[in-house]
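Inside the fold
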Amino acid sequence: MRIDLHTHSHRSDGTDSPAELLENAVAAGLDVLALTDHDTTAGWPEAAAAVPEGLRVVPGAEFSCESETGRGGTCTVHLLGYLFDAEAPAIVAEQGRLRAQRRERVDRMARLMRADGYPVDPDTLMAELPPDAPAGRPHLARALIGAGVVATVDEAFRLFLHSRGRYHVAKRDTPVREAIAMVHAAGGVCVLAHPFAVTRGPTVTREVVAALAEAGLDGVEVDHPDHAEPERTDLRALARAHGLLMTGSSDYHGENKVNRLGQETTSPEMFERLLAMGTGAKVIER
């Protein structure tokens, strides 16, 4: 059984529609796929309508959070929530706030670039996004590609869109402990996404992961394209010490990343444990 528990559609910052994502999952030989768009569950109904025979779809989302680093200061972390009630009032309200903030952030970044003479039209960029979609930096990256400023999404991030750059705009994410409590209250399961991905920027320490486990964290994403083997080894040891789930996922974004569906996978044993813990929503299958 091949299980990929972290993917994105065009409902956030991927390029596949939910239906295309499921088609591509089948073509990649997957048996289970989790749809985890950033700060939205808007793709769930389309996935439910399009799920093909033989594929099981886990409804989820990736929550934008803030955590202490364990070294002084804070950093952005991402929390994967699975099998939660998408209509839970706290989740509806917080995801709505985060989506609005994401749109404002991308618009401000585009206007800063426009003011510096780059051929980016903020109004066109925002108008082309679906209403209420959680805009992300990859959307601005693709606008830069379309304008001929860069050739790839990776180049756009390296030159213009990284967190230490001239065009960076900060956002206020959900405190990670609040997000864990919110997902649990909605019957969901919480897994910390790519926690030791140092190439992305500041990360949390082992001690912070241990403290989050005490606060109710259910699992850690161990096998991820941005984790080298030393990080995977550390995370496996932490997971075993604290009884956490260990997942593996591609973090697929379609054409916005080089990550391939099924590039990293979750074991059937861990998947069954996750299923037994989630009570807010059901796996989608025919």
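That block above? That's the structure.
This report concerns the structure included in the present document. In this text the structure is predicted, and so the values were computed from the model without any measurement.

**What to know about the overall build of the protein**
Helices and strands together make up the secondary structure of the protein, namely 10 helices and 8 strands. Relative to the 2.2 N^0.38 estimate, which gives 19 Å for 286 residues, the radius of gyration of the protein is 18 Å and therefore close to what a compact globule would have. Each principal axis of the C-alpha atoms in the protein carries an extent, and together these give about 55 × 45 × 40 Å. Burial statistics for the protein: of 286 residues in total, 55% are counted as buried.

**Brief notes about the nonpolar core**
Ranked by internal contacts, the top residues of the largest apolar core, which has 64 residues, are Leu5, Val58, Phe63, Leu79, Tyr82 and Val220. With residues near it in sequence (within four places) discarded, Phe63 still touches Asp39, Val77, His78, Leu79, Gly81, Phe84, Ile91, Gln95, Met182 and Val183.

**Focus on the packing of aromatic side chains**
Applying the stated criterion across every chain yields a total of 5 aromatic pairs. Note on Tyr118 and Phe160: the rings are 5.1 Å apart at their centroids and 70° apart in plane angle, and the pair reads as edge-to-face. With Tyr118 in the loop between α3 (89-115) and α4 (122-127) and Phe160 in helix α6 (residues 153-161), this residue pair connects regions lying 42 residues apart in the sequence. Geometrically, the ring pair formed by Phe160 and Tyr167 is tilted, given 6.4 Å between the ring centres and 50° between the ring planes. Take Tyr167: its relative accessible area is 6%, and that puts it in the buried class. Here the aromatic residues Trp44, Phe63 and Phe84 are joined through ring pairs into a cluster of three or more.

**Considerations on the packing of α3 against helix α5 (residues 137-146)**
Axes are the key here: two packed helices are described by the angle between their axes and the distance separating the axes. Across the interface, α3 lies against α5 with an axial gap of 9 Å and an inter-helix angle of 30°. For the pair α3 and α5, the crossing hand works out as right-handed. For the pair α3 and α5, the contacting residues are Arg105, Val106, Met109, Ala110 and Met113 in the first and Arg137, Leu140 and Leu144 in the second. Residue classes in the contact of α3 with α5 are distributed as 6 nonpolar, no polar and 2 charged.

So, how was this worked out
Residues numbered from 1 in each chain as written. Predicted model: local features only at pLDDT ≥ 70, side-chain atom pairs only at ≥ 80, totals over all residues. Heavy atoms only, no water. Helix = DSSP H or I, 4+ residues; strand = E, 2+ residues; numbered from the N terminus. Rg over C-alpha atoms; globule rule 2.2 N^0.38 Å. Buried < 20%, exposed > 50% of the residue type's maximum accessible area, 1.4 Å probe, protein only. Core = buried A, V, L, I, M, F, W, Y, C linked by side-chain atoms within 4.5 Å. Contact = heavy atoms within 4.5 Å. Phe/Tyr/Trp six-rings, centres within 6.5 Å; stacked < 30°, edge-to-face > 60°. Axes fitted to C-alpha atoms, helices over the stretch in contact; angles between N-to-C directions. Left-handed = near helix turned anticlockwise from the far one by under 90°. Nonpolar A, V, L, I, M, F, W, Y, C, P; charged D, E, K, R; others polar.

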